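Residue-level structural notes
Below, each chain spelled out in residue letters.
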Amino acid sequence: MPLLDRNVGVVTLHRHGSPPLGISMAFQPIVDLERRDVFAHEALLRGRRGEGAAEVLRRVPPAARPAFDRVCWVTALAHAARLGLSSGLSVNVLPNALSGAGGLRTALRAARHYNFPIHRLIIELTEDERVTDLPRLRAALEEPRALGARVALADFGAGFAGLNLLADLRPDFVKLDRGLIHEIDSSPTRRAIVRALLVACRDQEIDVIAEGIETPGELAVLTDLGVRYVQGYLLARPALEALPPVRWTADRADPEPRRGCACRRGKNGRPGATEEPPPAPDDDGRLEGFFDSATVGMVEVSPDGHIERANDAFHRMLGYAPGELVGVPGADLLFPEDRAEVLEQYKRFINRSGPYEVERRYRRRDGSALWAHVSAVVGPGGVTAVVADLTPLRVSEERFRQAQKMEAVGRLAAGVAHDFNNLLTVINGYGQMLLDDLPVGARTRDMALEVAAAGEQAVGLTAQLLAFSRKAPADPRPLDLNGVVTQSAKLIRRLIGSDVTLTTALETGLSPVRADASQIEQVLLNLAINARDAMPRGGKLTIETASVGPDAAGAFADLPAGEYVRLAVSDTGTGMTDEVKSHLF
């Protein structure tokens, strides 16, 4: 099990340009008075330098709270593992965050990863929000409860933690709010209310935890009433990333309890937790600013593969809003066919310290691929990585490889064309000699004419091969475009097969154009082959020519005004994929 340093669980969430702030946890014991032992520790939200929960939460947008709760769970479990926590672990969570997507699955995965027994988890539902969907909340709690985790209502008697929720949810624990405990030794009303709650909870086999105890008098009254589990400053103050000792012989309150202090306990901001003074300024602020403003992607991933923190550049690279990826499993950013290999690779790297570099393919939000170079460092708290976008380079490399392939094919075509030309020279030469010797009207002369005509057509084919290989120099000259289309149509019909119907719509009286006939033929052949591939079940291929006047030509920004002839090729196929387009010409 890896040990974790102070940088574990760092999360960056943004709202209106607020600066990043790391998170950590302080721990406060929940004491079992009957056994004189620590029953559990409550994990209380803090900033990385000890900032209070209110300051941290002020930077978390409401929409990000469910994801933020999951990050808090992972952070609390990571620190508990590092500290060797042997008691229970109680973590605050918003009730409606549990009934949303993700729920407690992240917490359960983190507990298994850190080998923390699930039966020692206490899910402490805060009183800060009204439960909007009780059936979904119950359903979300079914799995952890079946595995032994227990549920507590935090600060019962305050906020929305009232009798209705107690009756409908049937928690394992009720934590009495500090408001009911404050000066209970001098308040008959508070004693009567707490006594009644204890009776009701005992009848339902619900244990009671009294929190916020600050004076010996408060502790004495609660002990007399039969409260077994207690928590408060009198016994131990919260300690940042540490397990504070319990003052079992405490016989007085701290001289000046911090009632109504600016810090807020847990994630919901109630009094009762200490706020450690921040350390002297150091370079962390500059590092935080660099992390957030870097133009390359920067991301921190927990040992179990969840994103704990990512800068704006990483979010932009993948098409997400700032903070949206926090708490998301890294595997969700991969293509399904890549996940097994990458996860296996991650397991190998996470078990050793030090740097490593890989090239990886991510799946953007729109489904497209992002090729990236990942430079990562494995530390006690997981992986910190710098992600550089290689997609433009990959596209250039693919184009270069395609150009190399086409060049190789062109060299082959040029070699075949030259050898074929040598044979055609002999064939056409002897054919012409036969025609010169045979009298007009002879039956064999007609045969020799067909041989000569076929030879001339073969010369045209070699010209096309040389044009394809770019070995033949362009020979633009006045050209009858309709004649080129008609001649090419004979070869195209043989190429596209019988399932595809070829039709031509050639404008009569078309003005000559200045072009290379072989290049025009090559364009038509390429378009025809692509059209055939787009119509595997057959279809219609149409080649059209038409005159374009000065006004129509002006619609194309890259064409100067003038008279033009348009050559159009269309088909009834499915269209071209990006891969086919890359091989178009």
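Residues numbered from 1 in each chain as written. Predicted model: local features only at pLDDT ≥ 70, side-chain atom pairs only at ≥ 80, totals over all residues. Heavy atoms only, no water.

**Some thoughts on the overall build of the protein chain**
In terms of helices and strands, the protein chain carries 18 helices and 19 strands. Per-residue burial for the protein chain yields a buried fraction of 47% across its 585 residues. (Helix = DSSP H or I, 4+ residues; strand = E, 2+ residues; numbered from the N terminus. Buried < 20%, exposed > 50% of the residue type's maximum accessible area, 1.4 Å probe, protein only.)

**A short note on the pairing of strand β6 (residues 173-176)**
Every other side chain in a regular strand lies on the same face of the sheet, so the side chains alternate between the two faces. In β6, alternate side chains face the same way, and those of Phe173 and Lys175 on one face and Val174 and Leu176 on the other are all buried. As paired strands, strand β5 (residues 150-156) and β6 are joined by three bridges and run parallel to one another. Bridge pairing in β6 places Leu153 opposite Val174. Two elements, β6 and strand β7 (residues 207-211), share four bridges in a ladder whose sense is parallel. Looking at β7, one finds that Phe173 is bridged to Asp207. (Pairing = 2+ DSSP bridges.)

**Some words on the layout of surface pockets**
By volume, the largest pocket is sized at about 730 Å³. Looking at the largest pocket, it is lined by 36 residues, and the ones nearest its centre are Val301, Pro303, Asp304, Gly305 and Tyr346. Counting residues per element, the ones that place at least two in the lining of the largest pocket are α4 (105-113), β10 (297-301), α12 (336-350), β12 (354-363), β13 (369-379) and β14 (382-389). Here the element with the most residues in the lining of the largest pocket is α12; it accounts for five residues. For the lining of the largest pocket, the per-class residue count stands at 23 nonpolar, seven polar and six charged. (1 Å grid on protein atoms, 1.4 Å probe; cavity = no way out; pocket = protein on both sides within 12 Å on 5 of 7 lines; lining within 4 Å. Points joined across faces, edges and corners; volume = space filled by probe spheres on them. Nonpolar A, V, L, I, M, F, W, Y, C, P; charged D, E, K, R; others polar.)

**A look at the packing of helix α8 (residues 188-203) against helix α9 (residues 216-225)**
With their axes 11 Å apart at the nearest point, α8 and α9 run at an angle of 40° to one another. Classified by the angle between their axes, α8 and α9 sit oblique to one another. For α8 against α9, the interelement crossing comes out right-handed. Where α8 approaches α9, its residues Arg191, Val194, Arg195, Leu198 and Arg202 are matched on the opposing element by Val221, Leu222 and Leu225. The class makeup of the residues in the contact of α8 with α9 is five nonpolar, no polar and three charged. (Axes fitted to C-alpha atoms, helices over the stretch in contact; angles between N-to-C directions. Parallel < 35°, antiparallel > 145°, perpendicular 65-115°, else oblique. Left-handed = near helix turned anticlockwise from the far one by under 90°. Contact = heavy atoms within 4.5 Å.)

**Some thoughts on the pairing of β5**
Here β5 lies mainly inside the structure; six of its seven residues are buried. As defined by bridge partners, strand β4 (residues 121-125) adjoins β5 across four bridges and the pair is classed as parallel. Each bridged residue has a counterpart across the sheet, and for Ile122 the counterpart in β5 is Arg150.

**So, the nonpolar core**
The biggest cluster of nonpolar side chains holds 67 residues, and the ones touching the most others in it are Leu45, Trp73, Leu77, Leu89 and Leu121. If one sorts the elements of this core by residue count, helix α2 (residues 65-83) sits on top with 10 residues. With residues near it in sequence (within four places) discarded, Leu77 still touches Leu89, Ala107, Ala110, Ala111, Tyr114, Phe116 and Leu121. (Core = buried A, V, L, I, M, F, W, Y, C linked by side-chain atoms within 4.5 Å.)

**Some remarks on the sheet that holds strand β18 (residues 539-548)**
One open sheet holds the three strands; their spatial order is β16-β18-β19, and the pairing between them is mixed. If you trace the sheet from one side to the other, it starts and ends with β16 (500-506) and β19 (564-571), each paired once. Geometrically, the sheet is characterised by an average inter-axis angle of 10° between neighbouring strands, direction not taken into account. Across eight bridges, β18 lies against β19 in antiparallel orientation. Directly across from Ala546, in β19, lies its bridge partner Arg566.

**Considerations on α2**
If you check α2, its first and last C-alpha atoms are 26 Å apart, about what 19 residues at 1.5 Å a residue would give, namely 27 Å. At the exit of α2 stands Gly84, carrying a positive phi of roughly 65°. (Expected span 1.5 Å × (residues − 1).)

**Some details on the confidence of the model for the protein chain**
When pLDDT is averaged along the protein chain, the result is 78; 78% of the residues meet or exceed 70. At the low end of the mean pLDDT range in the protein chain sits helix α10 (residues 284-293), at 57; at the high end sits strand β8 (residues 229-231), at 94. (pLDDT = per-residue confidence, 0-100.)

**Points about a nonpolar patch on the surface**
Together, Leu412, Val416, Phe420, Leu423, Ile427 and Val451 make up an exposed nonpolar region whose accessible area comes to about 540 Å². In terms of residues, the nonpolar patch owes the most to one element, helix α13 (residues 391-437), which gives five residues. Inspection of the secondary structure puts Ile427 in helix α13. (Patch = residues over 30% accessible without salt bridge, like charges linked within 9 Å, V, L, I, M, F, W, Y side chains within 5 Å. Areas by Shrake-Rupley, 256 points an atom, 1.4 Å probe, with all protein chains shown as cover. Salt bridge = Lys/Arg side-chain N within 4 Å of Asp/Glu carboxyl O.)

**Concerning α8**
In this model α8 runs 23 Å from its N-terminal to its C-terminal C-alpha over 16 residues, within 8% of the 22 Å that 1.5 Å per residue would give. Those residues of α8 that fall on the buried side of the exposure criterion are Val194, Leu197, Leu198 and Cys201. With its buried residues spanning 105° around the axis, α8 presents them on a single face. In α8, the exposed positions angled more than 90 degrees off the buried face are occupied by Pro188, Thr189 and Asp203. Two residues or fewer past α8, Glu205 is found with a positive phi of approximately 60°. (Arc of directions from axis to C-beta.)

**Section: unusual backbone geometry**
Phi is positive for Asn115, close to 55°, though the residue is something other than glycine. Its location among the elements puts Asn115 in the loop between α4 and β4. The phi dihedral of Glu241 is positive, around 55°, even though this residue is not glycine. Along the chain, Glu241 falls in the loop between β9 (239-240) and α10. Residue Glu241 is classed as buried on the basis of its relative accessible area of 7%.

**Topic: the packing of aromatic side chains**
Both the distance between ring centres and the angle between the ring planes are used here to describe each pair of aromatic rings. The full count for this structure, using the stated rule, is four aromatic pairs. With 6.3 Å between their ring centres and 85° between their planes, Phe173 and Tyr229 make a pair best called edge-to-face. On the criterion of sequence distance, the pair formed by Phe173 in strand β6 and Tyr229 in strand β8 is long-range, its members being 56 residues apart. Residue classification places Phe173 among the buried residues on the basis of a relative accessible area of 1%. Taken together, Phe39, Phe173 and Tyr229 form an aromatic cluster joined through their ring pairs. Its end group placed over the ring of Tyr233, Arg237 keeps NZ or CZ at 4.2 Å from the ring centre. (Phe/Tyr/Trp six-rings, centres within 6.5 Å; stacked < 30°, edge-to-face > 60°. Lys NZ or Arg CZ within 6 Å of the ring centre and 35° of its normal.)

**A short note on the packing of helix α15 (residues 481-496) against helix α16 (residues 517-533)**
At their nearest, the axes of α15 and α16 sit 10 Å apart, and the two run at 35° to each other. When the axes of α15 and α16 are compared, the crossing they make is right-handed. Together, Leu481, Val484, Val485, Ser488, Leu491, Ile492, Leu495 and Ile496 of α15 and Ala517, Ile520, Glu521, Leu524, Leu525, Ala528, Ile529 and Arg532 of α16 make up the contact between the two elements. Broken down by class, the residue content of the contact of α15 with α16 amounts to 13 nonpolar, one polar and two charged.

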